[in-house]
Each structure stands twice: as C-alpha cells, then as structure tokens.
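Per-entry structural report
Residue strings, one per chain:
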Amino acid sequence: MAAATSSQAGCGGAAAGEKRGPLGIPEAVFVEDVDSFMKQPGNETADVVLKKLDEQYQKYKFLELNLAQKKRRLKSQIPEIKQTLEILKHMQKKKDSTNPMETRFLLADNLYCKASVPPTDKVCLWLGANVMLEYDIDEAQALLEKNLSTATRNLDLLEEDLDFLRDQFTTTEVNMARVYNWDVKRRNKQDPSKNKA
C-alpha cells in the first residue's frame with residue numbers, strides 16, 4: 001500500500017497523477033500520517049473527511065455489486081457454452097451418418113420434447129436479443145470456442161477486479177478508523193474534563 005504524503009489532495013481518492021487499478025478504479029491511498037493529512041486543503045474537519053471517505057467507500061460498494069452481477073452472469077454463461085460445444089461435437093460425428101439422431105429438447109421449464117434430427121451440417125445459434133443465425137457446424141464451433149475463451153478470460157479479469165476492490169475496501173475502512181480515532185484524541189486533548197471520568 002502507498003503512504004499518503006502531504007502533496008496528495010483529498011482523502012485518499014482522486015489526486016492528479018493518482019494510481020488507478022483495473023477498470024480505471026482509483027486506488028485508495030493509505031493515510032500514514034493523519035496529522036499532516038488533516039492539514040491538507042479540503043480536509044477542514046474530521047466530519048468532512050469521513051464524509052468523503054464514506055462516499056468513496058460507497059462507490060467501491062456500488063462497483064462491487066455491478067462486478068458481482070457480471071460474474072454471476074459469466075458463471076452461468078460458461079457452462080451453457082460448454083454444453084453447446086459438446087452438442088456440436090456430437091452432431092459433427094453424426095453428420096456423415098444416414099440415420100437420424102434421436103434426442104430430447106427443452107420446450108419449457110422441465111418440459112422436454114422428443115425429436116428426430118436428420119444428419120445436417122448446419123445449426124442455428126441464439127446470439128441474444130431474440131437473434132438466431134444459421135452456421136455451418138465448423139463455423140459455429142469456432143464461434144463458440146472464441147466465446148468460451150473470451151468469457152473465461154473476462155471471468156479471470158473480474159476476479160482480479162474484485163480482489164482489487166476488496167483491498168480498496170480495507171484501505172478505506174482503515175483510513176476512516178484512523179481519522180475517527182485522530183478526531184477522538186483531538187477532542188479529548190481539547191476537553192480534559194472528559195478524561196477524568
């Protein structure tokens with residue numbers, strides 16, 4: 001973690017030339033010296049700084065929520081792509097056969113229908129947004145393999161982004177605690193009657 005210096009602005013957030021993590025997420029800077037940090041412009045009171053840090057924390061939480069949704073979607077997408085690839089490989093083996101392929105397909109939730117599929121070298125793929133295109137089996141397989149590698153790579157990047165965000169949570173929480181404790185000590189020095197209790 002980087003230590004905050006007196007030349008950095010704000011409360012560990014957006015400063016000129018700041019470090020940015022994956023997705024351009026600003027890196028939360030660890031506040032090493034709270035006294036010098038609180039003397040910086042824009043850090044008039046502990047309440048103002050705590051409010052800024054809380055805003056930063058909430059932004060990180062919002063990003064985490066969005067990334068978690070993307071992760072769930074990718075985790076459900078990858079098995080579907082793999083299953084479709086397996087079906088294509090099976091159809092590839094059967095395309096030179098003269099016998100129709102007997103199968104069942106999903107008609108609705110938990111409702112399957114029997115089907116007899118004649119040997120073919122064409123398949124239709126749902127691309128999303130109610131769009132279906134016809135492909136040769138080889139083209140469809142190449143497209144799905146590309147989609148699978150892209151989805152797997154995106155999932156790995158999402159994991160890295162989520163790890164980075166967890167580090168930012170921790171740094172921001174520690175900064176908030178340090179500023180709060182600094183303020184408590186400052187108030188106790190100003191009002192010594194509370195220390196006698």
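Notes on the structure follow. (Residues numbered from 1 in each chain as written. Predicted model: local features only at pLDDT ≥ 70, side-chain atom pairs only at ≥ 80, totals over all residues. Heavy atoms only, no water.)

A contiguous nonpolar patch, built from Phe105, Leu107 and Leu111 and spanning about 290 Å² of accessible area, is present on the exposed surface. Along the chain, the position of Phe105 falls in strand β1 (residues 101-108). The partly exposed category is assigned to Phe105, whose relative accessible area is 39%. (Patch = residues over 30% accessible without salt bridge, like charges linked within 9 Å, V, L, I, M, F, W, Y side chains within 5 Å. Areas by Shrake-Rupley, 256 points an atom, 1.4 Å probe, with all protein chains shown as cover. Salt bridge = Lys/Arg side-chain N within 4 Å of Asp/Glu carboxyl O. Helix = DSSP H or I, 4+ residues; strand = E, 2+ residues; numbered from the N terminus. Buried < 20%, exposed > 50% of the residue type's maximum accessible area, 1.4 Å probe, protein only.)

Using the criterion set out here, one finds 6 salt bridges in the structure. As a salt-bridge pair, Arg187 and Asp183 come within 2.9 Å of each other at their nearest N and O atoms. Of this pair, Arg187 and Asp183 both sit in helix α3 (residues 137-190), separated by 4 residues, roughly a single helical turn. Using a relative accessible area of 43% as the deciding quantity, one classes Arg187 as partly exposed.

Inspection of every chain in the model, using the stated rule, returns 2 aromatic pairs. For the pair Tyr60 and Phe169, a centre-to-centre distance of 6.5 Å together with 75° between the ring planes defines the contact as edge-to-face. Taken together, the residues span a long stretch of sequence, with Tyr60 in helix α2 (residues 46-94) and Phe169 in helix α3 at a distance of 109 residues. No difference in accessibility class separates Tyr60 from Phe169, as the two residues are buried. Sitting over the face of the ring of Phe169, Lys61 holds its NZ or CZ atom 4.5 Å from the ring centroid. (Phe/Tyr/Trp six-rings, centres within 6.5 Å; stacked < 30°, edge-to-face > 60°. Lys NZ or Arg CZ within 6 Å of the ring centre and 35° of its normal.)

This brings us to the packing of α2 against α3. The N-to-C vectors of α2 and α3 enclose an angle of 160°; their axes lie 7 Å apart at closest approach. In terms of their interaxial angle, α2 and α3 are classed as roughly antiparallel. Seen along the crossing, α2 lies across α3 with a hand that is left-handed. (Axes fitted to C-alpha atoms, helices over the stretch in contact; angles between N-to-C directions. Parallel < 35°, antiparallel > 145°, perpendicular 65-115°, else oblique. Left-handed = near helix turned anticlockwise from the far one by under 90°.)

With that out of the way, let us pick up the nonpolar core. In terms of nonpolar packing, the biggest core is built from 26 residues, with Tyr60, Leu88, Val123, Ala140 and Leu144 touching the most fellow members. Those elements that place two or more of their residues in this core are α2, β3 (122-128) and α3. Broken down by element, the residue count for this core peaks at 11 residues, all from α3. Setting aside anything within four residues of it in sequence, one finds Tyr60 in contact with Ile25, Pro26, Glu27, Ala28, Leu165, Gln168, Phe169 and Thr172. Val31, Phe37, Leu50 and Leu53 belong to the second-largest nonpolar core, a separate cluster that totals 9 residues. (Core = buried A, V, L, I, M, F, W, Y, C linked by side-chain atoms within 4.5 Å. Contact = heavy atoms within 4.5 Å.)

The pairing of β1 with strand β2 (residues 111-117) spans 7 bridges and is antiparallel. Paired with Phe105 across the two strands is Cys113, which belongs to β2. Counting the residues that bridge the hairpin from β1 to β2 gives 2 residues, and of these Asn110 lies at a positive phi of roughly 60°. (Pairing = 2+ DSSP bridges.)

Taken together, the side chains of Asp121, Glu134, Asp138 and Glu139 make up a negatively charged region of the molecular surface. Counting through the fold element by element, Glu134 comes out in strand β4 (residues 131-136). On the basis of relative accessible area, Glu134 is assigned to the exposed category, the value being 54%. (Lys, Arg positive; Asp, Glu negative; His and termini not counted. Charge placed at Lys NZ, Arg CZ, Asp CG, Glu CD.)

Here we take up the pairing of β4. Sheet topology note: the β3/β4 ladder contains 6 bridges and is antiparallel. What sits directly across from Val123, in β4, is Tyr135. What sits between β3 and β4 in their antiparallel hairpin is a turn of 2 residues, with Ala129 showing a positive phi close to 55°.

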